[in-house]
Amino acid sequence: MSLLEYAVLAGIFYGLYFALVGVGLNLIFGVMRIINLAHGDFLILGAYGAFYVFHLFGWNPLWAIPIELVVFFGLSLPLYYLLVPRLQKSGDPEMLSFILFFGLSQVIEALAVFAFGNDQRSIPASVFGGSPVTIAGQVYPASWVVSAAVGMAGITLIYLYLYHTRIGRATRAIMTERSEAVVTGISVHRVSAVAFGIGIATAALAGIFSPFMIGAIAPSLGMGITVTSFTIIVIGSLGNPLGTVLGGLLYGEALMLMQTFLTSWAEMFPYALLILVLLVKPTGLLGKAVRSA
Amino acid sequence: MPKGWRSTTLIPVITLLAFAVLPHLYNNQFLLFNMMMYMALAQGLNIIYGYTGYLPFGYVGFFGAGAYGGALAITFLHWSPYLAVLAGGGAAVLLGMILIPLFRLSGAYFSIASLAAAEALYYVVANPGLEPLTQGPYGISLPQVYDPNGAYWTMLAILLFSLIISGVIRRSRFGLALSAIRESPLSASMSGVNVVKLRSISWLLSALIAGLAGAAFGWYISVFYPETVFGLGIGVFTIVFVLFGGIGTVLGPMIGTLILYGVYNYIGISTPEYFQLAYGLLIMILVLFLPNGLVSLARKRGLNVA
Amino acid sequence: MSPDAPILKVEGLKKHFGGLKALDGVSFDIHAGEILGLAGPNGSGKTTTINAITGVFPIDGGEIHFGGNAIHRLPTFRRVRHGINRTFQVPRPFPALTVLENVMVAGTYRSERKSDPHRILEDLGLAEHADRPAKSLNSSQQKMLGLASALATSPQLLLVDEIGAGLNPEELSGMAARLRSYAAQGMAILVVEHLMDFLDRVTDRLIVMDAGNTLFTGKLQQATQDPRVIEAFLGG
């Protein structure tokens with residue numbers, strides 16, 4: 001069938017996956033008003049996890065999912081208490097978080113070079129079964145379909161967490177009105193720490209599939225992925241985790257169409273799109289109008 | 001002379017003497033050149049970040065625009081390199097004007113948008129489709145004007161220019177109004193400050209300095225690629241130098257650059273990953289424990305810092 | 001402009017936030033040397049009126065004339081340079097700047113009517129704090145600093161938002177006398193206030209607002225007998 005149909009469907013797979021890439025960054029911003037500039041580096045660490053699960057143990061990378069969710073969630077909690085409370089006492093947490101987490105991203109990149117070297121790593125796409133999947137007359141790699149399915153599952157779980165658990169409701173209360181949440185006796189640090197852990201664990205989860213969806217793994221790729229994630233969540237609207245789905249889908253579609261029809265400009269596209277959205281509607285497509293002083 | 005103005009004059013004079021004499025004592029001219037370049041960039045960034053509180057994470061975009069603006073003026077218009085450096089400054093100012101709408105964004109949005117703008121410009125310049133104009137990914141080569149000494153003295157002039165601008169801003173009503181904007185844009189306009197105009201002026205000054213520095217850098221090395229002059233590292237180095245020394249002062253960014261760029265040359269070039277680790281940790285410690293930089297330590301001891 | 005024309009003329013001012021009509025056709029005027037009080041229950045639109053006159057946000061309808069010129073499309077800093085200023089209910093100084101610097105920022109921009117920051121600080125009892133950062137002042141000192149910054153732009157119209165709240169009786173009398181003396185020098189003053197006693201002491205005329213409308217204009221003594229005003233304050 002037509003190239004256009006192929007690109008549009010591919011965009012949906014990519015979109016669902018990219019929603020997962022961005023959602024953790026958005027959750028952390030929404031709850032803590034800090035920008036985790038090391039987001040992409042956590043994603044890359046997740047990718048290395050999948051790589052070693054596959055190459056050392058010969059396991060399917062899907063086994064990395066439970067392991068990494070536990071490990072990354074567990075490690076983020078002490079990290080939260082080490083960094084965030086102190087940061088929020090400073091004069092301008094949003095701006096300084098930007099620099100603090102840039103520092104963290106440098107540390108992670110350097111440690112990743114020590115641990116994993118500078119060589120690019122990859123996982124053969126055939127791990128999910130060799131045969132491609134045929135949908136609506138178009139043929140797609142099985143890894144795309146698996147990544148999209150995991151992306152959808154991840155977002156669904158975050159939705160259930162936010163809307164159908166007690167701590168999730170407290171999380172939303174903090175996102176809407178932090179100062180009032182404090183007054184009503186919600187333990188802001190406990191709720192925030194959990195959100196921080198979920199944000200980083202989902203980044204690692206997305207990382208497991210990045211060898212198939214984004215490309216070879218290398219320590220230095222984190223920053224680019226952070227900017228991509230930022231594009232996605234700004235399109236959807238910052239601080240609204242579920243808006244990330246819309247952002248992911250629009251981003252996925254636009255990326256696939258660019259790569260299909262305007263290949264040489266595809267690399268600059270996320271950046272141009274980000275600026276465009278920020279200038280036209282700074283609050284994102286789903287954002288509420290805010291009054292500026 | 002009032003106390004403040006004395007140090008404002010002293011800093012450029014000492015800088016001039018130091019960088020005029022140092023090439024005779026120390027033979028690594030490129031290191032000295034880079035040191036001056038980062039000092040100028042630190043002053044330029046300080047004008048927009050230190051005084052108005054807007055942090056352009058993609059500050060390197062102006063540097064790259066300057067490098068390419070200067071190179072194109074030499075290649076296509078056959079300008080002398082000195083004029084081409086001015087053209088580079090002009091290119092950066094032009095880019096700054098195009099980006100003025102970004103000031104509708106606040107805080108982190110502004111930072112990220114400026115980063116995206118720098119990256120977008122990088123991919124435009126590096127695009128193979130623009131090879132006839134920019135040489136695309138194959139880079140620029142300017143053998144016809146190669147003259148490291150000329151470029152060295154030009155960079156010194158740019159550094160002095162940035163120091164004088166920065167010092168005058170710090171001591172003037174213009175600088176006071178910029179600080180007011182940083183503290184509260186609404187109260188500033190209630191004091192009669194034209195927030196949009198003043199912010200734009202400091203943005204364009206900041207862009208001009210980076211553009212001049214970029215063009216002089218391109219001239220000095222005379223062979224470069226898009227990633228050489230648009231590398232995010234240049235902008236991030238600059239931010240950390242300013243932060244380390246102390247934002248909103250003239251002396252802070254100078255000391256920050258001197259120490260950190262010195263350390264970088266000591267361990268950073270031979271073992272980059274150790275440097276990256278130390279550097280990352282340093283940034284984190286700074287933000288958490290010394291958000292106002294080294295000069296804030298001096299100030300606590302009652303010293304008047306320019 | 002004839003000498004007895006009002007210095008500020010507000011006509012049919014409208015402002016809504018989403019579905020809420022914060023101002024629904026407010027009209028009034030003030031003459032030079034006059035102190036006009038603005039009272040009304042919380043949310044009746046008093047501070048919104050001040051914000052509209054100073055241009056904190058664009059209005060959705062109506063006109064504002066100052067000294068004969070339409071100013072409702074000008075940005076805030078232009079209105080300030082024309083001679084309008086205000087204080088904030090919660091003071092908004094430049095926290096890291098010193099007290100003197102706070103006032104100096106404001107003193108820069110009205111070339112035809114230069115003010116002397118030192119004298120203003122002296123008058124308001126802040127001179128001894130001139131070199132302290134504004135954030136180190138207590139809340140009533142911050143209120144005085146807010147007034148000092150407003151005065152530094154030499155306003156012909158001063159909008160005062162709840163300046164009495166939190167002041168002790170002695171400070172309150174001082175403030176009343178101060179506003180009276182500014183008016184005696186020809187300044188027009190709009191006083192938004194909850195404290196009826198304070199309004200009674202300083203104002204020449206009173207406007208009572210409710211739900212974005214003006215309910216009553218006249219003398220305070222008459223207002224307290226007006227059934228609509230009683231309804232708005234006690235009914236609700």
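What counts, and at which threshold
- Residues numbered from 1 in each chain as written.
- Chains lettered and ligands numbered in written order.
- Predicted model: local features only at pLDDT ≥ 70, side-chain atom pairs only at ≥ 80, totals over all residues.
- Helix = DSSP H or I, 4+ residues; strand = E, 2+ residues; numbered from the N terminus.
- Buried ≥ 20, exposed ≤ 12 C-beta atoms within 10 Å, placed from the backbone.
- Contact = placed C-beta atoms within 7 Å.
- Rg over C-alpha atoms; globule rule 2.2 N^0.38 Å.
- Nonpolar A, V, L, I, M, F, W, Y, C, P; charged D, E, K, R; others polar.
- Pairing = 2+ DSSP bridges.
- Axes fitted to C-alpha atoms, helices over the stretch in contact; angles between N-to-C directions.
- Expected span 1.5 Å × (residues − 1).
- Core = buried A, V, L, I, M, F, W, Y, C linked by C-beta atoms within 7 Å.
- Parallel < 35°, antiparallel > 145°, perpendicular 65-115°, else oblique.
- Left-handed = near helix turned anticlockwise from the far one by under 90°.
- pLDDT = per-residue confidence, 0-100.

Chemist: Kindly report on the overall build of chain A, identifying the contributing residues and their values.
Modeler: Across its full length, chain A holds eleven helices and two strands. Counting from the amino terminus, chain A carries its helices and strands in the arrangement α-α-α-α-β-β-α-α-α-α-α-α-α. With the principal axes as the frame, chain A shows a C-alpha extent of 55 × 45 × 35 Å. Among the 293 residues that make up chain A, the fraction classed as buried is 53%. For chain A, the proportion of contacts with a sequence separation of at least 24, taken over those separated by at least 6, is 77%.

Chemist: Please provide a residue-by-residue account of the overall build of chain B, values included.
Modeler: The number of helices and strands found in chain B is 15 helices and two strands. In terms of overall dimensions, chain B is globule-like: its C-alpha atoms have a radius of gyration of 19 Å, near the 19 Å expected for 306 residues. Along the first, second and third principal axes, the C-alpha atoms of chain B reach 55 × 45 × 40 Å. When each of the 306 residues of chain B is scored for burial, the buried share is 56%.

Chemist: An account of the interface of chain A and chain B is requested, with residue identities and associated values reported.
Modeler: Residue-level contacts link 35 residues of chain A with 37 residues of chain B. Broken down by secondary-structure element, the contributors of at least two residues to the side of chain A that touches chain B are α3 (64-88), α4 (93-116), α9 (222-236) and α11 (269-280) of chain A. Per-element tally for the side of chain A that touches chain B: the top contributor is α4 of chain A, with 16 residues. Of the residues assigned to the side of chain A that touches chain B, the class counts are 27 nonpolar, four polar and four charged.

Chemist: Residues and numbers for helix α1 (residues 46-54) of chain C, please.
Modeler: Residues and elements named next belong to chain C. The buried count for α1 comes to nine of nine residues, which makes it a mostly enclosed element. When α1 is considered as a whole, its buried residues turn out to be K46, T47, T48, T49, I50, N51, A52, I53 and T54. Following α1 by one or two positions, G55 has its phi on the positive side, about 80 degrees.

Chemist: So what's going on with the sheet that holds strand β3 (residues 35-39) of chain C? Which residues, and what values?
Modeler: All names here are of chain C. Strand order across the open sheet formed by six strands is β6-β7-β8-β3-β9-β10, with mixed pairing between neighbours. Edge positions in the open sheet fall to β6 (84-86) and β10 (213-218), since each of these has one partner strand only. The average angle at which neighbouring strand axes cross in this sheet is 20 degrees, direction not considered. In terms of strand pairing, β3 meets strand β9 (residues 205-210) through four bridges, oriented parallel. When the sheet's bridge partners are listed, G37 is paired in β9 with L206. Contacts between helix α6 (residues 169-184) and the sheet are confined to β3, β7 (157-161) and β8 (188-192), with β8 contributing the most and set at about 150 degrees to the helix.

Chemist: How would you sum up the pairing of β10 of chain C? Please name residues and give values.
Modeler: Residue and element names in this part refer to chain C. As defined by bridge partners, β9 adjoins β10 across five bridges and the pair is classed as antiparallel. By the bridge assignment for β10, M209 is matched with T214. Here β9 folds back onto β10, and the loop between the two strands holds two residues, one of which, A211, carries a positive phi near 50 degrees.

Chemist: Mind laying out helix α2 (residues 39-57) of chain A, listing which residues take part and the relevant values?
Modeler: Residue and element names in this part refer to chain A. Under the 1.5 Å per step criterion, the end-to-end length of α2 is 27 Å for 19 residues, consistent within 8% with the ideal 27 Å. Of all 19 residues that make up α2, 15 are buried, and the element is covered over most of its length. Of the residues flanking the end of α2, it is G58, one or two places downstream, whose phi is positive at about 70 degrees.

Chemist: Let's hear about the sheet that holds strand β1 (residues 8-17) of chain C: which residues, and what values?
Modeler: Residue and element names in this part refer to chain C. Here four strands make up an open sheet; going across it, the order is β2-β1-β4-β5 and the pairing antiparallel. At either margin of the open sheet sits one strand with a lone partner, and together these are β2 (20-30) and β5 (69-70). Where strand β4 (residues 61-66) lies against β5, two bridges are found, and the strand directions are antiparallel. Within β5, the position partnered with H65 by the bridge is A70.

Chemist: So, the nonpolar core: which residues are in play, and what are the values?
Modeler: With 279 residues, the main nonpolar core has A213 and A216 of chain B as its most contacted residues. Setting aside chain neighbours within four positions, we find A213 of chain B in contact with M37, A40, L41, F63, G66 and I158 of chain B.

Chemist: So what about the environment of S80 of chain B? Which residues, and what values?
Modeler: Structurally, the position occupied by S80 of chain B is in the loop between α3 (60-77) and α4 (81-98). Through-space distance from the C-alpha of S80 of chain B to that of V145 of chain B is 7.9 Å; in sequence the pair is 65 residues apart.

Chemist: Break down the packing of α2 of chain A against helix α8 (residues 188-213) of chain A for me, citing the residues and quoting the values.
Modeler: Residue and element names in this part refer to chain A. As a packed pair, α2 and α8 sit with axes 6 Å apart at the nearest point and diverge in direction by 55 degrees. Judged on the interaxial angle alone, α8 and α2 are oblique. Every pair of crossing elements has a handedness; the one defined by α2 and α8 is right-handed. Two secondary-structure elements touch here, α2 through H39, F42, L43, I44, L45, G46, A47, G49 and A50 and α8 through I200, A203, A204, L205, A206, G207, I208, S210 and P211.

Chemist: Explain the pairing of β3 of chain C residue by residue, including any values.
Modeler: For a regular strand, side chains alternate in direction, first toward one face of the sheet and then toward the other. Residue and element names in this part refer to chain C. Among the five residues in β3, five count as buried, and that is most of the element. Burial along β3 is two-sided: the face carrying I35, G37 and A39 and the face carrying L36 and L38 are both buried. The pairing of β3 with β8 spans four bridges and is parallel. Bridge pairing in β8 links L38 to V192.

Chemist: Requested: an account of the confidence of the model for chain B, with residues and values cited.
Modeler: Summing up the model confidence of chain B, the mean pLDDT is 89 and the portion of residues at 70 or higher is 96%. Across the assembled chains, the prediction reports ipTM 0.87 with pTM 0.85.

Chemist: Talk me through unusual backbone geometry; I want residue IDs and the actual numbers.
Modeler: It is generally the case that most residues other than glycine have a negative phi and that most peptide bonds are trans. For H78 of chain B, which is not a glycine, the phi torsion comes out positive at approximately 55 degrees. When the 10 C-beta atoms within 10 Å are taken as the criterion, H78 of chain B is described as exposed. Not every positive phi belongs to a glycine, and S154 of chain C is a case in point at roughly 45 degrees. Structurally, S154 of chain C is set in the loop between α5 (139-152) and β7. Given 18 C-beta atoms within a 10 Å radius, S154 of chain C is considered partly exposed.

Chemist: Residues and numbers for the packing of helix α2 (residues 29-52) of chain B against helix α12 (residues 232-245) of chain B, please.
Modeler: Residues and elements named next belong to chain B. At a minimum axis distance of 9 Å, the contact between α2 and α12 shows a crossing angle of 75 degrees. Taken together, the axes of α2 and α12 lie roughly perpendicular to each other. Of α12, the residues touching α2 (which contributes Y38, L41, A42, L45, N46, Y49 and G50) are F237, T238, I239, F241 and V242. Partitioning the contact of α2 with α12 into residue classes produces nine nonpolar, three polar and no charged.

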